[in-house]
Amino acid sequence: MIRFFSRCLYSLCLITSLAVAQAPIEALNKAQARLLVDPSQHQQPTLLTLWSLECAYCKKNLTQFGELLRQYPNIQLLTLASEPATGEHAALLQKLALPGRHFAYGNEAPEALAFAIDPNWRGELPRTLLFDGKGGRQALSGVIAPQRALQLLGLEPAR
Amino acid sequence: MKLSSLPWLAILLLSCGLQSALAGGAHGQHGELAVGLASGPDGTLYAALVNHGHLQIQRSQDDGHSWQAHAQVNREAEAIAADGENHPQLAVDAKGALYVSWARRFEQRFTGDVRFARAENGRDFSAPVTVHQDRSQTGHSFPRMHLSPDGRLQLIWIDGREGLAAKAVGGEYAGSALYATHSDDGGRTFAAEYKLIDHSCQCCRLALSQDNDGSLLLMWRQLFANGERDHALLRLPRQGAAEPLQRATFDAWRIDACPHHGPALTVDGAGRRHAVWFSPHGETGPVFYGQLDSQGVQGQRAVGGPRASHADIASLGQRVVLLWKEFDGEQTHLRAEISDDGGRNFRSSTLGQSNGPSDHPRLLRHGQRLLAFWHSAEHGLQGYPLP
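Residues numbered from 1 in each chain as written. Chains lettered and ligands numbered in written order. Predicted model: local features only at pLDDT ≥ 70, side-chain atom pairs only at ≥ 80, totals over all residues. Heavy atoms only, no water.

Structural notes on the overall build of chain A
- In terms of helices and strands, chain A carries six helices and six strands.
- Ordered by position in the sequence, the α and β elements of chain A form the string α-β-α-β-α-β-α-β-α-β-β-α.
- A burial count over chain A gives 47% of its 159 residues as buried.
- Long-range contacts, defined here as pairs at least 24 residues apart, represent 65% of the contacts in chain A between residues at least 6 apart. (Helix = DSSP H or I, 4+ residues; strand = E, 2+ residues; numbered from the N terminus. Buried < 20%, exposed > 50% of the residue type's maximum accessible area, 1.4 Å probe, protein only. Contact = heavy atoms within 4.5 Å.)

Have a look at this one:
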């Protein structure tokens, strides 16, 4: 019996570790945040989407971006949770099978991190920064329709 | 199990444990600054704070400069919401009895119930109860509690049951509903809950204020036609049904997003309704002040600068106070505007600064004064006198 439970425990921990390994979430500080939002750092169309577990609309936004990336693999996706990372964040990112790097707020003051990311952002979620890869950057709040995202990334002509 | 696998198991166990500890620690670090405040009949101030699943009451005899442990509410730990928008509710009656309400979170995200406990002697709390009869696994959260001078306890919260029901039959329901209950026996029993309105915003705090005739005035962010997230006002007479919903703000902010930024409302001695709210879509703002009447908003203007947030408002006679926090790129400042002529003229004041995370600033009537309060990680819970 002990052997059985040991194996179960071992498997459980292995699964948990693998899950985390597949969706590592990097804690972000202010200096890293400034780099992340610098348009010159992005040489390809890039979506940086801010989200939170407390935001129901964010899941829809993330899901739509995931689908968009499957059609447009040249788009880079970066996600940033506006709260410290937990296992729940990793689980959701994994469930949505989102590629790219994933970030979350580190230990600095949330106001300071938000300011470093986007001084014009008031905290509403989702918030997405769109980089066209040619030095252009735009920011939008709310769920973004895929077609609109493509336009802002410079991949589709504006209608 | 082979001995050789023991070290790996130990590493994996440590890894699992560390992840859990980090998750829990992260929540405790930034997520438990939200407070509920109340002023007692003998001049004592009370604060309800969340500490690792327990609501704790502290008291202050010096206008919030120093606080002492007073009582613990729930003996059994539970997941208590403790963010600025969804913060514990606290009230004290004329005899010193304490009433506390809070949102409990269930394991599944966006689900939970509204809890309540009472201490007739101000110290020994009853076991918490859930105030609504609905037990469906959906959201019952963001409670707002009001204790009227005649002893009626009113509780209003954001409720997800309509959305759950619509989803069960493959339909959709925009936003959430607002439900309410009340108690006329000091919280021993509550009326069966009743729906006030459909289609509220899902994650913004409610504002509840008493009108001069004893009615309650509720202000909240509502989902209007075309997805406009403006504010609405509902008058709840002491007897009878609520009056029809009245649109309170007209900013036409159309967005599918969680602002997590609710309004505040007060009625001054002359019956004027003063409000502050958040609407970040135009050239000015994002926080606005205005007086609400049957014609709409009078004198709408921005409060503070472009990073002003989470404003509160209170009045006492002709005095009207606006209080908010504002990040300047380095520090968060606690700022106020004060009027002593019913909102015609305001003067500005900066009350304090903080480095690091902080709760929303809060105003409270304490005897014949209004006091400002701010709970920051750097300075703790502090009362700030208003000039």
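Here we look at the sheet that holds strand β19 (residues 287-293) of chain B
All names here are of chain B.
- Sheet architecture is open: four strands sit in the order β17-β18-β19-β20, paired in antiparallel fashion. At either margin of the open sheet sits one strand with a lone partner, and together these are β17 (264-267) and β20 (296-302). Direction aside, neighbouring strands of the sheet carry axes that sit 20° apart on average.
- Here strand β18 (residues 273-278) runs beside β19; their pairing, made up of six bridges, is antiparallel. Paired with Trp 277 across the bridge in β19 is Phe 288. (Pairing = 2+ DSSP bridges. Axes fitted to C-alpha atoms, helices over the stretch in contact; angles between N-to-C directions.)

So, the nonpolar core
- Among the nonpolar cores identified, the biggest contains 61 residues, and A:Leu47, B:Leu196 and B:Leu218 are the most heavily contacted of them.
- When residues in this core are grouped by element, the largest group, six residues, is from helix α3 (residues 56-71) of chain A.
- Those residues in contact with B:Leu218 that sit more than four places away from it in its chain are B:Ile156, B:Leu178, B:Leu196, B:Leu206, B:Ala207, B:Leu208, B:Ala232, B:Leu233 and B:Leu234.
- Core analysis: the second largest hydrophobic core is formed by 19 residues, B:Ile57, B:Val73, B:Val100 and B:Ala119 among them. (Core = buried A, V, L, I, M, F, W, Y, C linked by side-chain atoms within 4.5 Å.)

Notes on the state of the cysteines
- In total, this model carries one disulfide over all chains according to the counting rule given.
- Across a sulfur-sulfur distance of 2.3 Å, A:Cys55 and A:Cys58 are joined as a disulfide pair. Judged by the sign of its S-S torsion, about 95°, the cystine formed by A:Cys55 and A:Cys58 is right-handed.
- Residue class for A:Cys55 comes out buried when judged on its relative accessible area of 4%.
- Free of any disulfide, B:Cys203 has its nearest neighbouring cysteine sulfur in B:Cys258, separated by 4.0 Å.
- B:Cys203 gets classed as buried once you look at its relative accessible area, which sits at 5%.
- Free of any disulfide, B:Cys258 has its nearest cysteine sulfur in A:Cys55, 3.7 Å distant.
- Judged by relative accessible area, B:Cys258 falls into the buried class, the value being 6%. (Disulfide = S-S within 2.5 Å.)

With respect to the sheet that holds strand β7 (residues 112-119) of chain B
Residue and element names in this part refer to chain B.
- Across the sheet, four strands lie side by side as β5-β6-β7-β8; this open sheet has antiparallel pairing. Single-partner strands in this sheet number two, and they are β5 (89-92) and β8 (129-130).
- Note: β5 against strand β6 (residues 98-105), four bridges, orientation antiparallel. Opposite Val 92, over in β6, you have Leu 98 as the bridge partner.

What to know about the confidence of the model for chain A
- Looking at chain A, the pLDDT average stands at 88 and 84% of residues meet or exceed 70.
- Counting interchain partners and residues more than four positions distant, the pLDDT-below-50 stretch residues 8-21 of chain A has 14 contacts. (pLDDT = per-residue confidence, 0-100.)

A short note on helix α5 (residues 110-117) of chain A
- With six of its eight residues buried, α5(A) lies for the most part within the structure.
- Every buried residue belonging to α5(A) is among A:Glu111, A:Ala112, A:Leu113, A:Ala114, A:Ala116 and A:Ile117, and all of these are buried.

Quick notes on the packing of aromatic side chains
Residue and element names in this part refer to chain B.
- For the structure on display, the rule yields seven aromatic pairs over all chains.
- For the pair Tyr 99 and Phe 116, a centre-to-centre distance of 6.3 Å together with 20° between the ring planes defines the contact as stacked. Of this pair, Tyr 99 sits in strand β6 while Phe 116 is found in strand β7, placing the two residues 17 residues apart along the sequence. Assigned by exposure class, Tyr 99 and Phe 116 land together as buried.
- Here the aromatic rings of Trp 253 and Phe 278 are separated by 6.1 Å at their centres, their planes lie at 85°, and the arrangement is edge-to-face. In this pair, Trp 253 is assigned in the loop between β16 (246-247) and β17 and Phe 278 in strand β18, connecting sequence segments 25 residues apart. Of the two residues, Trp 253 and Phe 278, neither departs from the other in class, the shared state being buried.
- Among the aromatic residues, ring-to-ring pairing joins Tyr 99, Phe 116 and Phe 190 into one connected group.
- Residue placement shows Arg 247 over the ring face of Phe 224; its charged tip is 4.3 Å from the ring centre. (Phe/Tyr/Trp six-rings, centres within 6.5 Å; stacked < 30°, edge-to-face > 60°. Lys NZ or Arg CZ within 6 Å of the ring centre and 35° of its normal.)

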